[in-house]
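Residue-level structure breakdown
Below are the chains, spelled out letter by letter.
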Amino acid sequence: MVDDGGSRGVATDGANAAAADDASCLVCGYAIRGMAADASCPECGTLVARSLRGATLEFADPAYVRSLRTGLRLVLVGFAASILGFAVTTVLMAAFVGRGLMPAQTAMILSWAMGFLAAFLSLGGWWLLTGPDPAIGDRTERDGRLRKLQRSLVVVIAFGTIVGFVVLFTPLSRTPLQAFAGNIQVTANSQWDLAFTGAIAARIVLWAAKLLSFFVGLLVLRSIAARIPDPGLARTFQRMLWLIPLLATVGIVACGLGPIAAIVLYAAGLWMLAGRL
């Protein structure tokens, strides 16, 4: 049997369907060759008929597929919120803060407010997307590790966003801890005490978590796309793993529009996958 949900695990059709010689249980991997479709796996009790159907989402629990669809939409809206927040903050910093028409703190508060919204939309979305299939669990150990890693990363990002919000809206904004959420101003007179150094280190960790979450998320999406009978969809997310970084780095030097193309490509991939669920 194959993970893509093909029918190669079926020896015959109809009521007399039976597992072929190379078939194995979809859940535990136990050899079910020759077993009738209405039998159960001796190891885990999963119906042989379920294993014969394969891992395609076509045969998954409708509630699970709905949770994936909702998760994708939340991630897409969260991504849009983060891009909008970045764009608005950039405009404010250039057009107002740079001319002394607006305090930099106001622009940073707006930036973190949009980041707060984006982080929690993404947290909810990825939590749904990384839930195990109730029927078959994790298809591979690698899928399970990626799922748990992505959940951990989005929790770290959401927690870091809360901390940044607290720093900005409390007297902590007037302490060295403001380096975590505000403008980082490092000069020859900067005092690298424990609070300032810790704030800088925490900010680096938060951005590293965001970067890692992006790539782990693409792997999770590729795994979901592989369960849809469209090989081109999984290849699209595989291609994104190298094309998006290329557009965001080399593309900005070559034509200046690389980052915009990367954003459009990622959003289009999310939209395409959501439409196929």
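Note that the structure is predicted; figures quoted are calculated from it, not measured.

Residues Phe116, Phe120, Ile162, Val166, Leu172 and Leu177 make up a contiguous nonpolar surface patch of about 410 Å² in total accessible area. At the level of secondary structure, the elements contributing two or more residues to the nonpolar patch comprise helix H3 (104-129) and helix H4 (141-169). As for its placement among the helices and strands, Phe116 is situated in helix H3. Look at Phe116 and you get partly exposed, because its relative accessible area is 30%.

Attention shifts here to the environment of Thr106. Relative to the helices and strands, Thr106 resides in helix H3. Note: C-alpha distance between Thr106 and Thr89 (17 residues apart in sequence) is 9.6 Å.

What the rule picks out here adds up to five aromatic pairs. Aromatic side chains Phe116 and Phe120 sit 4.8 Å apart centroid to centroid with 40° between the ring planes, which places their arrangement in the tilted category. Residue Phe116 and its partner Phe120 are both found in helix H3; the two are separated by four residues, about one turn of the helix. Using a relative accessible area of 31% as the deciding quantity, one classes Phe120 as partly exposed. Ring geometry for Phe214 against Phe215: centres 5.4 Å apart, planes inclined by 85°, an arrangement best described as edge-to-face. Looking at Phe214, the relative accessible area reads 22%, which means it is partly exposed. One aromatic cluster is present, formed by Phe79, Phe214, Phe215 and Tyr266 through successive ring pairs. A cation over a ring is seen here: Arg151 above Trp127, with NZ or CZ 4.0 Å from the ring centre. Over the ring of Trp207 we find Lys210, and its NZ or CZ is 4.5 Å from the ring centre.

Rules behind the numbers
- Residues numbered from 1 in each chain as written.
- Predicted model: local features only at pLDDT ≥ 70, side-chain atom pairs only at ≥ 80, totals over all residues.
- Heavy atoms only, no water.
- Patch = residues over 30% accessible without salt bridge, like charges linked within 9 Å, V, L, I, M, F, W, Y side chains within 5 Å.
- Areas by Shrake-Rupley, 256 points an atom, 1.4 Å probe, with all protein chains shown as cover.
- Salt bridge = Lys/Arg side-chain N within 4 Å of Asp/Glu carboxyl O.
- Helix = DSSP H or I, 4+ residues; strand = E, 2+ residues; numbered from the N terminus.
- Buried < 20%, exposed > 50% of the residue type's maximum accessible area, 1.4 Å probe, protein only.
- Phe/Tyr/Trp six-rings, centres within 6.5 Å; stacked < 30°, edge-to-face > 60°.
- Lys NZ or Arg CZ within 6 Å of the ring centre and 35° of its normal.

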